[in-house]
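If you want the building blocks of each chain, they are given just below.
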Amino acid sequence: MTGPRKKAKSRKGEERARLLAALANPAPPGGIGPRVVQLPRHLAALDPADYRCSLLAMQLADEWVEYVAATQIGPQAKNYQYAIDHFCLYVDKVLGAEAEEASLADPDLLDTLMKWELTLPEEYAESSARPGLLASSLRVLVIRRDDHDERTVAADLARLARGPALLGSGESMERDEFTRKEKLAIVRAAWTSAHATRRRIEDSWALAGQGRHSDQGSWTRIADLLWGLAHEEITVEDIRRRVPPSREWPLDLLEFTAGPGQVLNPATARMQLVRRLVAHLYPTALDLHAFRVLLMDATGYTSEEVMSFGEAGVEFLPKGVRLTLLKNRAERLRHRAFRDQNRPETTAPDDEDSSGRLTVNWPRREASEVVRQLMDLTARARAKAPHVTDTLFVNVAVRPDHTVVFDRWTPSQGRAQFRHWLDAMNVKVKGDRHIGRLRKSTKVEKAIVTEGRIDAAADDHTEETFAGHYAQGTTLRIMSGRTIATAQQHWFDQALDRVDGPTIVTGSGDIDQGLLEETGLTSEEAEGIMAGQLDMGVSHCKNPYQGPYSRPGELCAVAPLRCLECRNAWILPTNLPQLLLFQAHLERLRTLLTPQAFGRLWGQSWVNLNTVLGDRTPEELAQARKHIEAGGACLDLPLAAHTEFDG
């Protein structure tokens, strides 16, 4: 039994090696020779030999590798990798032993693919966008394979991949921007971190200048170890083999390795020492977060863009800097100049003023200063990574196998992410600790400066993008609410100031001309009312030729039906009998018209009439009714007032 097992194990190993080799060197569509594809290190985990459906996994992996190489999509490539892994595991589970024959050329795979897509939402929260993303990622690979003439995909599978999605896109919660206080704290911490990193590296290189080779000096002296690494006279492997155990280290080396107030672990002491030595000579992944924050604050552009220019994309101006910014997602290349601010004659202390506003004694929003410091800080690291030319963000890392790697900075991996930097700098923020919120804070500030004009705030993307991604922030919602409330209050005040109803003159005695003039009438208007020349039926009118319902100079055509809604009307105590008759007329109309029609035609008159009558005493109302019963009052209305309900 030993022989066959060894042979089976050997065959599986050979197949695994063949598949991995094919992943690293997929054949071109024409099959003419191998084509080497350089995959990112974090994407090398997918191995088709780990699945029972190895042929299917191999087909999808080929398309994935070529797609990553052709599009350079970066971290988003993990979505395709996870979709392949998830689908292949599902195929192994559902098909069992038949999974070994599964292939994209097999039309029977259609049902399995459809069921896989439909079961994806079961693993995620309701309205999650993840199931739709995985399904669409796998469809992209199927479509890509179907586009090749030399690669076979079942017609039904291709039709499904190109057809409408079975899953919705889900819903995503837009991140809110950092508050003004939080952003100020982040920017201040970034300057503090940048200065501390620069001092650390400068002091370490100065200390290395005082050292010598550890064979001549000491393998436990910090200056000698720094000198050896700085001049490449010793390697990390030399330190691992020749540095004595930590129990024999001097106190300064123990404190240097463990950090202030920390206890050194003897099992990992040499690795900690190596990483600490390298971190004192070159910037680490955690150090570069500060410069990304400062560039985003100084330029107002996204994290992706401020990391997209290398030394060739920088042009220093007499008073500023011009940068070449690339945004892969929008496929846009911009050349932007950022001018320096005029420096104040006196600098403010690093403190908060009486209003609570943060004032700092360092360059604010000067992109040229940040770029200069970043170029100086990463110059040695970039010299050791000549293959990286499209970014200034180059850092050093010591891998678990004791190899030192200089490469482009990947801020979203490991334990050196933005949230870890916030913890290290003791910056407290509410909500999601994501760098994208800093960009939104900048966009909100721009919207405030431009007084809410979207076309000005959306100067580096479309107005639809601004409305969808930036206009939902708390600050802009508060501003919008205040604007709406202010506008509402303005029109409410206007409505209160404007008199759209009659002026009521009350009193139990005689109404004289002087009293009318005190209410705002001229002497001629008061005299005309007293003489009865301006009596319109239910009220008096100060000027029937300047009514709001007719052209200026023409006699009012709606009296007396609209007098109770007119600001020219003056109601005297003598008009009370006509008002009661008009009330009876409106009550009859209420029984003939629908509530909607009555409210539209007579609603305001009805409200104003009840208000006027409600201010009269019971004695006044009783006296007016006696006057009506005695035949001393009548209401003259046009014929239209009696026939309108027929419509």
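To be clear, the structure that these remarks concern was listed above.
Within any chain, residue numbers begin from 1 and follow the written order of that chain's sequence. Local features are withheld for residues below a pLDDT of 70 in this predicted model, meaning they are given only at 70 or higher, and side-chain atom pairs are given and counted only at 80 or more; totals for whole chains, interfaces and linings count all residues. Excluded from the side-chain calculation are hydrogens and water; included are all heavy atoms of the structure.

Asks: Quick question: what am I supposed to make of the pattern of salt bridges here?
Replies: Any Lys or Arg side-chain nitrogen located within 4 Å of an Asp or Glu carboxyl oxygen qualifies as a salt bridge. What the rule picks out here adds up to 22 salt bridges. Where Asp 238 meets Arg 241, a salt bridge forms, and the shortest distance between an N and an O atom there is 3.0 Å. Within this pair, Asp 238 and its partner Arg 241 are both found in helix α9 (residues 236-242), separated by three residues, close to a single helical turn. Here Arg 562 ties to Glu 565 by a salt bridge, and the two come within 3.3 Å at their closest N and O atoms. Of the two residues examined, Arg 562 and Glu 565, each falls in the buried class. Residues joined in a network through salt bridges with shared partners are Glu 63, Glu 66, Arg 144, Arg 145 and Arg 151. Strands are runs of DSSP state E lasting at least two residues, helices are runs of H or I lasting at least four, and both sets are numbered from the N terminus onward. Type-normalised accessible area, obtained with a 1.4 Å probe on protein chains alone, sets the label of each residue: buried when under 20%, exposed when over 50%, and partly exposed for intermediate values.

Asks: Just checking my understanding: could you explain the pairing of strand β2 (residues 320-327) for this structure?
Replies: Two faces make up the sheet, and in a regular strand the side chains alternate between them. Here the rule is simple: two strands pair whenever DSSP picks up at least two bridges between them. Two strands pair when backbone bridges link them, and strand β1 (residues 314-317) and β2 are joined in this way by four bridges, in the antiparallel orientation. Bridge assignment links Val 314 to a residue of β2, and that residue is Leu 323. A loop of two residues connects β1 with β2, the two strands running antiparallel in sequence. Across eight bridges, β2 lies against strand β3 (residues 332-339) in antiparallel orientation. Each residue of the ladder has a partner; that of Leu 325, found in β3, is Arg 334.

Asks: How should I be thinking about the packing of helix α4 (residues 109-119) against helix α6 (residues 155-162) in this particular structure?
Replies: Two measures define how a pair of helices packs: the angle their axes make with one another and the distance between the axes. Every axis in this analysis is a line fitted to C-alpha atoms, fitted for helices over the stretch in contact. Angles between the N-to-C directions lie between 0 and 180 degrees. With their axes 9 Å apart at the nearest point, α4 and α6 run at an angle of 25° to one another. Between α4 and α6, the crossing angle belongs to the class labelled roughly parallel. Crossing handedness for the pair α4 and α6: right-handed. Across from Leu 109, Leu 110, Leu 113 and Met 114 in α4, the residues of α6 making contact are Asp 156, Leu 157 and Leu 160. Under the grouping applied here, Gly and all other residues not named as nonpolar or charged are polar, the nonpolar ones being Ala, Val, Leu, Ile, Met, Phe, Trp, Tyr, Cys and Pro and the charged ones Asp, Glu, Lys and Arg. Split by residue class, the contact of α4 with α6 holds six nonpolar, no polar and one charged. Each angle gets one of four labels, with under 35 degrees taken as roughly parallel, over 145 as roughly antiparallel, 65 to 115 as roughly perpendicular, and the rest as oblique. Two helices cross in a left-handed way if the nearer one is turned anticlockwise from the farther one by less than a right angle. They cross in a right-handed way if the turn is clockwise. Contacts were defined at the residue level, with two residues in contact if any of their heavy atoms lie within 4.5 Å.

Asks: How do you make sense of the pairing of strand β7 (residues 404-408) when you look at a structure like this?
Replies: Here five bridges tie strand β6 (residues 394-398) to β7, and the two strands are oriented antiparallel to one another. Paired with Ala 397 across the strands is Val 405, a residue of β7. From the end of β6 to the start of β7, which pair antiparallel, there are five residues, and His 402 there has a positive phi angle of about 70°.

Asks: I would appreciate a short explanation of unusual backbone geometry in the present structure.
Replies: Comment: phi is negative for the bulk of residues other than glycine, and the bulk of peptide bonds are trans. Residue Ala 559 is joined to Pro 560 through a cis peptide bond whose omega torsion reads 0°. Note on placement: Pro 560 falls in the loop between β9 (540-541) and β10 (569-571). Its identity as a non-glycine residue notwithstanding, His 402 has a phi of 70°, on the positive side. You can see His 402 is positioned in the loop between β6 and β7.

Asks: I keep staring at helix α8 (residues 222-230) and nothing clicks. Help me out?
Replies: Working note: α-helix, 3.6 residues per turn, so residues spaced by three or four point in the same direction. Burial analysis of α8 places nine of its nine residues in the buried class, the great majority of the element. Residues Ile 222, Ala 223, Asp 224, Leu 225, Leu 226, Trp 227, Gly 228, Leu 229 and Ala 230 constitute the buried set of α8. Elements in contact with the buried residues of α8: α7 (180-208), α9, α10 (251-258) and α11 (269-281). Two residues or fewer past α8, Glu 232 is found with a positive phi of approximately 55°.

Asks: What is the right way to read the sheet that holds β9 from this model?
Replies: Sheets are built from strands that pair by backbone hydrogen bonding, the pairs being arranged parallel or antiparallel. Taken in spatial order, the three strands line up as β8-β10-β9 in an open sheet, and their pairing is mixed. Looking at the sheet topology across the chains shown, the edges are occupied by β8 (503-504) and β9. Bridge count for β8 against β10 is two bridges, and the pairing is parallel. Paired with Ile 504 across the strands is Ile 571, a residue of β10.

Asks: Whenever I open this one, the side chain of Asp 297 confuses me. Can you help?
Replies: Mapped onto the elements of the fold, Asp 297 is located in helix α12 (residues 288-299). On the basis of relative accessible area, Asp 297 is assigned to the buried category, the value being 3%. Two N or O atoms form a polar contact when they lie within 3.5 Å of each other; inside protein one atom must be a possible hydrogen donor and the other a possible acceptor, and for residues adjacent in sequence the pair counts only when both atoms belong to side chains. A distance of 3.3 Å separates the side chain of Asp 297 from the side chain of Lys 183, its partner in a polar contact.

Asks: Sorry if this is basic, but what is going on with empty space enclosed by the protein here?
Replies: Empty space among the atoms can be located by rolling a probe the size of a water molecule over them. A 1.4 Å probe that fits but cannot get out identifies a cavity on a 1 Å grid over protein atoms alone, an open set with protein on both sides within 12 Å along at least five of seven lines counts as a pocket, and a residue lines either if it has an atom within 4 Å of a point. Grid points are joined across faces, edges and corners, and a volume is the space filled by probe spheres set on the points. Applying the stated rule across the entire model yields one cavity of 30 Å³ or more. Roughly 100 Å³ of volume is contained in the largest cavity. Taken together, 15 residues make up the lining of the largest cavity; nearest its centre are Cys 541, Cys 556, Ala 559, Cys 563 and Cys 566.

Asks: Would you mind showing me how to read the sheet that holds β3 here?
Replies: The three strands are arranged β1-β2-β3 in an open sheet whose pairing can be described as antiparallel. In this open sheet, the two strands that pair with only one neighbour each are β1 and β3. Averaged over all neighbouring strand pairs, the angle between strand axes comes to 20°, with direction disregarded. Where helix α14 (residues 367-383) meets the sheet, it contacts β1, β2 and β3, and its direction lies at approximately 130° from that of β1.

Asks: Help me understand the environment of Leu 325, please; the structure alone is not making it clear to me.
Replies: With respect to the secondary-structure elements, Leu 325 resides in strand β2. Judged by relative accessible area, Leu 325 falls into the buried class, the value being 1%. C-alpha separation for the pair Leu 325 and His 335, spaced 10 residues apart in sequence, amounts to 6.2 Å. Contacts of Leu 325, omitting those with residues within four sequence positions, involve Tyr 301, Glu 305, Ser 308, Phe 309, Arg 332, Leu 333, Arg 334, Arg 336 and Phe 338.

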